[in-house]
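# Structural characterization, general
Residues per chain are reported as follows:
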Amino acid sequence: DTGVSQDPRHKITKRGQNVTFRCDPISEHNRLYWYRQTLGQGPEFLTYFQNEAQLEKSRLLSDRFSAERPKGSFSTLEIQRTEQGDSAMYLCASSLSQPNTEAFFGQGTRLTVV
Amino acid sequence: AQKITQTQPGMFVQEKEAVTLDCTYDTSDPSYGLFWYKQPSSGEMIFLIYQGSYDQQNATEGRYSLNFQKARKSANLVISASQLGDSAMYFCAMNPRGAGKSTFGDGTTLTVKP
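Because the structure is a prediction, the values reported are computed rather than measured.

### Description of the sheet that holds strand S8 (residues 75-79) of chain A
Residue and element names in this part refer to chain A. One open sheet accounts for four strands, arranged S1-S3-S8-S7; its pairing is antiparallel. Looking at strand neighbours, the two that pair on one side only are strand S1 (5-7) and strand S7 (65-68), the edges of this open sheet. Averaged over all adjacent pairs, the angle separating strand axes in this sheet is 15 degrees, with direction ignored. As paired strands, S1 and strand S3 (residues 19-24) are joined by three bridges and run antiparallel to one another. Directly across from Ser-5, in S3, lies its bridge partner Asp-24.

### As for the pattern of salt bridges
Across all of its chains, the model carries six salt bridges over all chains by this definition. One salt bridge connects Asp86(A) with Arg64(A), and the closest N-O pair in it is separated by 2.8 Å. Pair noted here: Asp86(A) is in the loop between S8 and strand S9 (88-95) and Arg64(A) is in the loop between strand S6 (53-57) and S7, with a separation of 22 residues, a long-range link. Note on Asp86(A): relative accessible area 3%, which makes it buried. Arg64(A) gets classed as buried once you look at its relative accessible area, which sits at 11%. The partner of Asp26(B) in a salt bridge is Lys73(B), with the nearest N and O atoms 3.5 Å apart. Taken together, the residues Asp26(B) in strand S4 (residues 24-26) and Lys73(B) in the loop between strand S8 (64-69) and strand S9 (74-79) connect sequence positions 47 residues apart. Residue Asp26(B) is classed as partly exposed on the basis of its relative accessible area of 43%.

### Points about the interface of chain B and chain A
In this assembly, 23 residues from chain B lie in contact with 21 residues from chain A. When chain B packs against chain A, close to 1,800 Å² is buried across both sides, 51% of that on carbon and sulfur atoms. Three residues, Gly100(B), Lys101(B) and Phe104(B), lead the burial of chain B against chain A; their summed loss comes to 26% of the area buried on that side. In this structure, the connection of chain B to chain A is made through one salt bridge. Residue Glu56(A) pairs with Lys101(B) through a salt bridge whose shortest N-O separation is 2.8 Å. Applying the counting rule to chain B against chain A returns five residue pairs in polar contact (both at pLDDT 80 or more). Counting residues per element, the ones that place at least two in the side of chain B that touches chain A are strand S5 (32-39), strand S6 (46-52) and strand S10 (88-96) of chain B. The element contributing the most residues to the side of chain B that touches chain A is S5(B), with five residues. Broken down by class, the residue content of the side of chain B that touches chain A amounts to 10 nonpolar, nine polar and four charged.

### A few points about the pairing of strand S12 (residues 108-113) of chain B
Residues and elements named next belong to chain B. On S12, burial follows the alternation: Thr-108, Leu-110 and Val-112 on one face are buried, whereas Thr-109, Thr-111 and Lys-113 on the facing-out side are not. Bridge count for strand S2 (residues 10-14) against S12 is five bridges, and the pairing is parallel. Across the sheet, the residue bridging to Met-11 is Leu-110, located in S12. Across three bridges, S10 lies against S12 in antiparallel orientation. Directly across from Tyr-90, in S12, lies its bridge partner Thr-108.

### Comments concerning the state of the cysteines
By the definition in use, this model includes two disulfides over all chains. Cys23(A) shares a disulfide with Cys92(A); S-S distance 1.8 Å. Residues Cys23(A) and Cys92(A) are joined through a disulfide that is left-handed, its torsion about the S-S bond being -70 degrees. Of this pair, Cys23(A) sits in strand S3 while Cys92(A) is found in strand S9, placing the two residues 69 residues apart along the sequence. Accessibility expressed as a relative area gives 0% for Cys92(A), which makes it buried. Each disulfide pairs two cysteine sulfurs, and for Cys23(B) the partner residue is Cys92(B), the sulfurs being separated by 2.0 Å. Where Cys23(B) bonds to Cys92(B) through sulfur, the torsion about that S-S bond is close to -60 degrees, and the disulfide is left-handed. Of this pair, Cys23(B) sits in the loop between strand S3 (19-21) and S4 while Cys92(B) sits in strand S10, and the two are 69 residues apart along the sequence. You can call Cys23(B) buried: its relative accessible area is 1%.

Parameters at a glance
Going along each chain's sequence as written, the residues are numbered from 1 onward. Chains and ligands are labelled by the order in which they are written, letters from A for the one and numbers from 1 for the other. In keeping with the model being predicted, local features are shown solely for residues with a pLDDT of at least 70 and side-chain atom pairs are shown and tallied solely at 80 or more, while totals for entire chains, interfaces and linings include all residues. Side-chain descriptors were evaluated using all non-hydrogen atoms of the structure, hydrogens and water having been removed beforehand. Following DSSP output, two strands are said to pair if at least two bridges run between them. Each helix is a run of DSSP H or I of at least 4 residues and each strand a run of E of at least 2, with the numbering of both proceeding from the N terminus. Where helices are involved, their axes are fitted lines through C-alpha atoms of the stretch in contact, as for all axes, and angles between N-to-C directions lie from 0 to 180°. When a carboxyl oxygen of Asp or Glu lies within 4 Å of a side-chain nitrogen of Lys or Arg, that pair is called a salt bridge. Exposed residues in this analysis have more than 50% of their type's maximum accessible area, buried residues have under 20%, and partly exposed residues fall in between, with area computed by a 1.4 Å probe over protein chains only. The contact criterion used throughout is that any non-hydrogen atoms of two residues lie within 4.5 Å. Summed over both partners, the accessible area (1.4 Å probe) lost when two parts come together is defined as the buried area. Each polar contact in these results corresponds to two N or O atoms within 3.5 Å; when the atoms are within protein, one needs to be able to donate a hydrogen and the other to accept it, and residues that are neighboring in sequence are counted only if both atoms are side-chain atoms. Three categories are distinguished: nonpolar for Ala, Val, Leu, Ile, Met, Phe, Trp, Tyr, Cys and Pro, charged for Asp, Glu, Lys and Arg, and polar for the others, with Gly belonging to the last. Cysteine sulfur atoms are paired as a disulfide whenever they fall within 2.5 Å.

Written as structure tokens, this is what we have:
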């Protein structure tokens, strides 16, 4: 297993378009997280899954954002009707579900909305 | 709610010297975990070290050690014998025991001078 992988690494889109990002976690990890990181800030939690169940969503996550993990393996994050404020790095991480185990992060998808 | 404060936006250290990066936290949960991550310019978050709130001893991992002072709610990272490759952004994070998501600070940029 090569770790958490995210695709694409970079995405430039026009305002109003929809975008979808993919995350493939470490195979034995049953938890998967999405974070958003803007320049000069730490990652902000968006949502997380345990297996295929979405257990928590941040209030930051507007109705334009949706995430899925249909078979408890890979996950997708979709942003509809993108806005310039959506420009950020979107980080995916995975972990085991034991308490206080570290999360392993992917390299992120950098989204630029023009 | 949890909060992480990293008061040093930027730090400089001479190669081969030790450096301490500060982190204070606020939580009402009796059990929690504290983490440090390194984020080089490539963007990937790399796990460095973990400290559980009930751990009696400070965590150490190679050149990294965590100076945990529970009464002060601080979890400072100490890097010994700094190397040029240590230049990166460093994030302190925490999550309550059993909770999926982590709360991150805004990071400290460390620059190691030759």
